[in-house]
Amino acid sequence: MARRNGLVFLVLLLMFFLALSVVFPIDKGILGQRGMRLGLDLQGGIHVVYRADLSSAKTGTENEIMEGVIAVLSNRVNPLGVTEPVIYRQGDDRIVVDLPGLTITDKEKDGLSRVALLEFGELIAANETDNATVKWENVFGKWKSATGIIDGEEQELTSRYFKENTFVDQDQMGGIRLVFEWDREGSQLSEQITSRLIGQRLGIFEGDTTLLGDDGRPIAPTVQAVIAERGEITGLSLQAATQLARQLNAGRLPVPLEIIRDQTVSPILGSDFVSKGVTAGLIGVAIVMLFMMSYYRIPGVLASLALIFYAVLNLVLFKLVPVTLTLAGLAGFIVSFGIAVDANVLIFERMKEELIIGRTLGGAIEAGFRRAWSAIWVSNVTTFIVCIILVWLGSIFSAAVQGFGVTLFIGVAISMFTAVLVTRTLLRLFVGTALARQLRLFSPHLGGK
Amino acid sequence: MNIIGKRYWFFLVSGILFLVGIISLAVFGLERGIEFSSGSLLTVGFEQKVNQDELDQSLVSLGYADALIQTTGEGDFLIRLPELDNEAKNKLQAGLMTWFGTMTVGEFDTVSPLVAAETTRNASIAVAVAAVGILLYLTYAFRRMPNPFRYGTCAVIALLHDIMLVVGLFSVLGAVLGWQINLMFVTGILAILGYSVNNIVIIFDRIRENLLHGKETDFETVVNNGVVETLGRSLITNLTMLFPIVALLLIVGASIQNLLVVLLAGVIIGTYDSICVAPALLVVWHKRE
């Protein structure tokens with residue numbers, strides 16, 4: 001018995017040092033992991049939630065569309081140079097974009113949700129009275145979609161027919177040109193339309209609005225010749241043209257996006273918070289340990305060691321899973337810490353009862369753990385159930401709720417291991433030693449009753 | 001010690017607290033942060049000295065007569081506005097710059113009414129589903145007992161009682177100190193749910209053990225013994241739980257005050273409730289009082 005316990009002790013000791021080697025250094029990872037990660041609420045950054053307008057989507061295609069939106073958003077976020085951006089779907093029609101740090105501008109942020117579909121239009125002649133076809137209106141007059149016929153069907157001319165090789169260059173005069181190439185269908189349409197519109201203006205629009213040049217005037221060049229293969233758009237600023245070219249190439253969004261949550265978290269609060277939080281946490285834990293040691297003596301010291309083990313294992317799992325630490329996650333951790341202490345308190349109170357009725361230390365330890373186990377198990381399983389429900393619901397609507405559930409679950413699972421197995425192994429080491437006869441060291445309240 | 005015998009005193013205390021909470025909720029409601037009511041929140045700091053009246057005037061002239069301004073500890077201003085899109089935000093920033101010169105924008109948060117409406121709904125769903133889960137599991141865990149369903153039901157009633165008292169407390173804090181509820185508040189409520197259920201179940205487990213193995217047959221006495229035997233554990237555990245919360249409250253303070261105060265209140269109310277209310281409910285049900 002004692003020999004087997006010694007073996008378990010050695011294994012635990014080995015595990016502890018292994019765990020330490022995983023945890024430190026805190027900010028570096030091992031085995032390709034990236035080290036401890038802090039959520040946006042702790043390190044600062046931009047959090048945007050979009051709602052995709054799926055009203056025009058055919059039923060059954062929603063998943064495909066949402067995946068497309070995420071792919072396009074990722075393509076647009078990548079060139080911004082944000083470290084570790086996170087883009088994920090939430091619920092049916094939401095997309096969350098988390099960009100740590102505050103390196104991107106408002107313009108770049110606006111650009112993310114841009115549909116990036118250019119449409120071409122022709123002016124409605126003054127004698128045309130049918131107002132139903134008016135799609136845009138600007139200083140030049142009223143516009144309708146420019147259409148042509150492909151395979152006997154009328155089609156609108158849009159950037160849908162651009163090849164993905166749009167680029168920006170400068171002409172001899174230094175003017176900025178956005179150069180694009182039509183695909184096969186696009187060139188058919190463009191040929192039909194431009195041959196019809198020679199000498200007239202071709203309007204360019206994005207969504208409901210006219211594409212405006214750097215000078216603030218609508219871009220609506222007069223068609224000089226039939227255009228079949230490639231075209232160019234002039235008048236944009238270099239910056240606007242570059243962004244547009246990039247977005248035309250990275251693909252347009254399949255559906256419009258609406259911003260429903262837009263949050264910028266200041267990094268100042270973040271860094272300050274983390275250092276203060278760590279200090280406060282350490283002080284709190286130290287007080288708990290001092291209290292346990294003064295109240296329970298030797299078992300209290302052992303429980304404190306188990307708590308250190310508990311904290312280290314938590315950090316290991318946070319790092320390996322990996323868990324992104326947020327405020328809500330921190331709350332889960334605090335609660336699990338309380339539950340970890342509770343397991344030891346339950347056991348020690350039980351041991352006290354057993355010692356009072358006259359058991360030896362060895363007997364009291366075994367009986368105390370056995371009897372306390374049922375309470376620990378039932379209460380922790382109940383907590384697990386709450387956690388599982390929160391993680392499941394959280395995946396649908398709230399990352400915070402999910403983060404809370406995950407850290408609480410991990411913490412409680414570890415506490416069952418450390419508070420029970422670790423504390424018991426350490427306590428058993430004392431059985432049969434000279435100290436074991438000094439029962440007061442194990443339960444200072446003996447004889448009080 | 002006879003705790004259960006004084007159950008009607010405890011019910012009276014709970015009833016009064018409950019009533020205060022309900023009245024406060026009915027009269028004042030809750031001070032809702034933008035996560036619950038939609039709108040925009042902007043933190044700005046100015047290089048030159050600006051006082052609140054000047055800022056107020058500038059906002060009125062920029063067309064935001066209904067803006068609410070608060071000062072933060074660091075001399076910055078927290079401005080609460082109706083929902084701003086990016087264009088409106090840029091205009092507002094430019095406008096403020098022409099009034100007060102160089103300005104830094106810290107936190108910015110915009111919540112659409114759609115999201116705001118869901119926050120409350122989602123939180124309620126989470127609590128409700130978790131309560132059903134607890135009810136089902138406890139009924140299963142206590143299946144060898146007569147009337148296992150009662151343990152789950154009493155635990156859930158006690159938990160909802162905890163949550164109601166904390167919500168009531170925040171209604172009072174909102175009315176007196178202007179404290180707003182936000183997502184941290186919701187997280188805190190979930191934390192209480194996860195923590196308090198532990199307290200209650202541990203006492204119920206002791207009652208179960210005494211019923212199955214003890215010689216005592218009077219239900220009220222068995223329940224009372226269970227509560228008294230676990231009293232040491234209840235007080236010590238919950239006392240140790242308060243240490244880290246108070247340390248965080250004193251050192252980190254304002255930025256997560258909501259979460260910590262909910263936790264603090266939740267632990268205290270949860271302790272009271274697991275000792276004085278939840279087991280007493282079992283007795284009342286058993287005796288059909």
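Residues numbered from 1 in each chain as written. Chains lettered and ligands numbered in written order. Predicted model: local features only at pLDDT ≥ 70, side-chain atom pairs only at ≥ 80, totals over all residues.

**A look at the nonpolar core**
Grouped together as the largest cluster of nonpolar side chains are 196 residues, with contacts concentrated most on A155, I189 and L193 of chain B. Of the residues forming this core, the biggest block, 18 residues, is contributed by helix α9 (residues 327-356) of chain A. (Core = buried A, V, L, I, M, F, W, Y, C linked by C-beta atoms within 7 Å. Buried ≥ 20, exposed ≤ 12 C-beta atoms within 10 Å, placed from the backbone. Helix = DSSP H or I, 4+ residues; strand = E, 2+ residues; numbered from the N terminus.)

**Focus: the interface of chain B and chain A**
Facing 55 residues of chain B, the contacting portion of chain A comprises 56 residues. Mapped onto the side of chain B that touches chain A, the elements with two or more residues apiece are α4 (86-100), β4 (103-111), α5 (113-141), α7 (183-213) and α9 (231-251) of chain B. At 16 residues, α7 of chain B tops the list of elements feeding residues into the side of chain B that touches chain A. Tallied by class, the residues present in the side of chain B that touches chain A amount to 32 nonpolar, 16 polar and seven charged. In the sheet, strand β15 (residues 257-265) of chain A pairs with β4 of chain B via four bridges, with the strands oriented antiparallel. Its bridge partner lying in β4 of chain B, Q263 of chain A is registered against D109 of chain B. (Contact = placed C-beta atoms within 7 Å. Nonpolar A, V, L, I, M, F, W, Y, C, P; charged D, E, K, R; others polar. Pairing = 2+ DSSP bridges.)

**A closer look at the confidence of the model for chain B**
Fine structural detail should not be taken from predicted coordinates in areas where pLDDT scores are low. Averaged over every residue, the pLDDT of chain B is 88; residues scoring 70 or more account for 99%. Taken over the whole predicted complex, pTM reads 0.81, whereas the ipTM for its chain interfaces reads 0.86. (pLDDT = per-residue confidence, 0-100.)

**Details of the environment of E209 of chain B**
Relative to the assigned elements, E209 of chain B resides in helix α7. Distance in space between the C-alpha atoms of E209 of chain B and V222 of chain B is 9.7 Å, their sequence separation being 13 residues.

**Focus: the packing of α7 of chain B against helix α10 (residues 257-287) of chain B**
Residue and element names in this part refer to chain B. Viewed as axis vectors pointing N to C, α7 and α10 meet at an angle of 25°, and their least axial separation amounts to 8 Å. As judged from the angle between their axes, α7 and α10 are roughly parallel. Classified by chirality, the crossing of α10 by α7 is right-handed. Residue composition of the contact of α7 with α10, grouped by class: 15 nonpolar, nine polar and one charged. (Axes fitted to C-alpha atoms, helices over the stretch in contact; angles between N-to-C directions. Parallel < 35°, antiparallel > 145°, perpendicular 65-115°, else oblique. Left-handed = near helix turned anticlockwise from the far one by under 90°.)

**Some details on the sheet that holds strand β3 (residues 86-90) of chain A**
Read from one edge of the open sheet, eight strands run β3(A)-β4(A)-β2(A)-β15(A)-β4(B)-β1(B)-β3(B)-β2(B), paired in antiparallel fashion. With partners counted over all chains shown, the strands left at the sheet margins are β3 of chain A together with β2 (68-71) of chain B, one partner each. With strand direction ignored, the average angle separating the axes of adjacent strands in the sheet is 20°. Note that strand β1 (residues 39-46) of chain B and β4 of chain B share seven bridges and pair antiparallel.

**Observations regarding the domain arrangement of chain A**
All names here are of chain A. One can read the domain layout of chain A as domain 1 (2-39 + 266-441), domain 2 (45-102 + 260-264) and domain 3 (118-252). On a C-alpha basis, the centroid separation for the pair domain 2 and domain 3 is 28 Å. Along the lines of polarity and charge, the residues of the side of domain 2 that touches domain 3 split into two nonpolar, one polar and one charged. (Domains from an automatic or database assignment.)

**Points about the domain arrangement of chain B**
One frequently used descriptor of interface size is the decrease in accessible area upon assembly of the parts. Residues and elements named next belong to chain B. According to the domain assignment, chain B contains domain 1 (4-34 + 114-287) and domain 2 (39-111). Counting residues at the interface gives four residues for domain 1 and seven residues for domain 2. Split into classes, the residues belonging to the side of domain 1 that touches domain 2 amount to four nonpolar, no polar and no charged.

**So, helix α8 (residues 219-229) of chain B**
Turning to α8 of chain B, its buried residues number three or more, namely V222, V223, N224, G226 and V227 of chain B. Buried residues along α8 of chain B sit in contact with α7, α9 and α10 of chain B.

**Considering the sheet that holds strand β7 (residues 141-145) of chain A**
Remark on secondary structure: sheet strands pair via backbone hydrogen bonds, oriented parallel or antiparallel. All names here are of chain A. The sheet built from five strands is open, its strands ordered β6-β7-β5-β12-β13 with antiparallel pairing. Strands with a single pairing partner mark the edges of an open sheet, and in this sheet they are β6 (136-138) and β13 (209-210). Bridge count between strand β5 (residues 118-123) and β7: three bridges; the pairing is antiparallel. Within β7, the position partnered with E122 by the bridge is K144.

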